[in-house]
Amino acid sequence: MSGHVLTVCEDAAAAARTAMERWIGISQDSIARRGRFVVVLAGGSTPKSLYELLSALPAGTLDWSRAVVLFGDERCVGPDHLDSNFRMAKESLLGRVPIPAVNVHRIVGENGPQKAAAQYDGVLRQIFSAAGAQDAPIDLTLLGMGADGHTASLFPGRDFSADVSLLAAPAVAPPESPVRDRVTMTLPAFAASANILMLTAGAGKRQMVGKILTAAKTRPNPILPSSLLTCRGRVEWIVDRAAAPV
Ligand code: 6PG
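Residues numbered from 1 in each chain as written. Predicted model: local features only at pLDDT ≥ 70, side-chain atom pairs only at ≥ 80, totals over all residues. Heavy atoms only, no water.

*Asks:* How would you explain the nonpolar core if you had to name every residue and give the values?
*Replies:* Judged by nonpolar contacts, the single largest core of 77 residues is most densely connected at Trp23 and Phe71. Per element, the largest residue contribution to this core is nine residues, and it comes from helix 1 (residues 12-34). Residues within four places of Trp23 in sequence aside, it is in contact with Phe37, Val39, Leu41, Leu54, Leu62, Trp64, Leu93, Leu140 and Leu142. (Core = buried A, V, L, I, M, F, W, Y, C linked by side-chain atoms within 4.5 Å. Buried < 20%, exposed > 50% of the residue type's maximum accessible area, 1.4 Å probe, protein only. Helix = DSSP H or I, 4+ residues; strand = E, 2+ residues; numbered from the N terminus. Contact = heavy atoms within 4.5 Å.)

*Asks:* Could you give me a rundown of the sheet that holds strand 2 (residues 37-41), with the residues and numbers involved?
*Replies:* Read across the open sheet, the six strands follow the order 1-9-8-5-2-3; overall the sheet is parallel. The open sheet has two edge strands, strand 1 (4-9) and strand 3 (67-71), and neither has a second partner. Taken over all neighbouring pairs, the strand axes of this sheet differ in orientation by 20° on average, direction set aside. Across the sheet, helix 3 (residues 85-94) is in contact with strand 2 and strand 3; its angle to strand 3 comes to roughly 150°. (Pairing = 2+ DSSP bridges. Axes fitted to C-alpha atoms, helices over the stretch in contact; angles between N-to-C directions.)

*Asks:* So, the site of the ligand: which residues are in play, and what are the values?
*Replies:* Around the ligand, the surrounding shell holds 15 residues, and the nearest of these are Ser45, Thr46, Asp73, Arg75 and Ala152. The separation between an oxygen atom of the ligand and a polar side-chain atom of Thr46 is 2.4 Å. For the ligand, an oxygen atom lies 2.7 Å from a polar atom in the side chain of Arg75. When grouped by side-chain class, the residues that make up the shell around the ligand number two nonpolar, nine polar and four charged. (Near = heavy atom within 4 Å. Polar contact = N/O pair within 3.5 Å; in protein donor to acceptor, adjacent residues only side chain to side chain. Nonpolar A, V, L, I, M, F, W, Y, C, P; charged D, E, K, R; others polar.)

*Asks:* Could you give an account of the packing of aromatic side chains, with specific residues and numbers?
*Replies:* Considering all chains together, one arrives at three aromatic pairs under this definition. Plain terms: the ring middles of Trp23 and Phe37 are 5.7 Å apart, the flat faces sit at 70° to each other, and that makes the pair edge-to-face. Here the residue Trp23 occupies a position in helix 1, and Phe37 occupies one in strand 2, the gap between them amounting to 14 residues. Each member of the pair, Trp23 as well as Phe37, is classed as buried. Relative to Trp64, the ring of Trp23 has its centre 6.2 Å away and its plane inclined at 50°; by these criteria the two rings are tilted. Remark: Trp64 occurs in the loop between helix 2 (48-55) and strand 3 and Trp23 occurs in helix 1; sequence separation between them is 41 residues. On the basis of relative accessibility, which here comes to 7%, the residue Trp64 falls in the buried class. A network of ring pairs unites the aromatic residues Trp23, Phe37 and Trp64 as a single cluster. The ring of Phe86 carries Arg106 above its face, with NZ or CZ at 5.6 Å from the centroid. (Phe/Tyr/Trp six-rings, centres within 6.5 Å; stacked < 30°, edge-to-face > 60°. Lys NZ or Arg CZ within 6 Å of the ring centre and 35° of its normal.)

See the structure below:
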């Protein structure tokens, strides 16, 4: 099982640059090794500056024709909605780079949580079955964390045992969230990643980063969903100084 490790960067911009360097390295290595790079994108607002950095790289740095893009979670709204994770990724990255549209697999949130989750489960199964026996189906998963310890749309108190044979599932966000109906990839799906990057910034996350890292080491806890994340390699937390546990 993988371990959670911490990388502290000077500020949020430096954290985004570090994540960009990881992305470039993993993408180039995956394409050289198996001819494709399967990446899961995070929602929320923190990854936007990373996406903008990636979209501004000199042409040819990344081979977008061999990238396959998935989404870790989505809100049940249309693709142009202000709260759509797909919309944010499209505006800051996918709409600015030469990636073939067929390589981008969005969660069709407007179909509602049950139907969209079942559809996405099927999409993931197809992509997973294309991986060679020795390869992880996902090369890189990018995730964020909420101040309550959630990641993707895996919120505290979820019945994780119900997800054991699912790759995508419906989810309900807490009442204060702008969009409560969600679809999320599950822990078993994330566990099929070669690498996970947790990009987190801001003093508001500091206490929870500390709790998660301790729980991940000692006793992963469903009340702290990010502590339950595993993958084939490392779960690397890339945080700015403000979010670094003291
Ligand atoms: C979402 C998410 C969610 C997000 C965290 C961090 O769709 O809301 O995928 O898990 O990554 O809440 O969000 P911020 O980056 O906005 O703090």
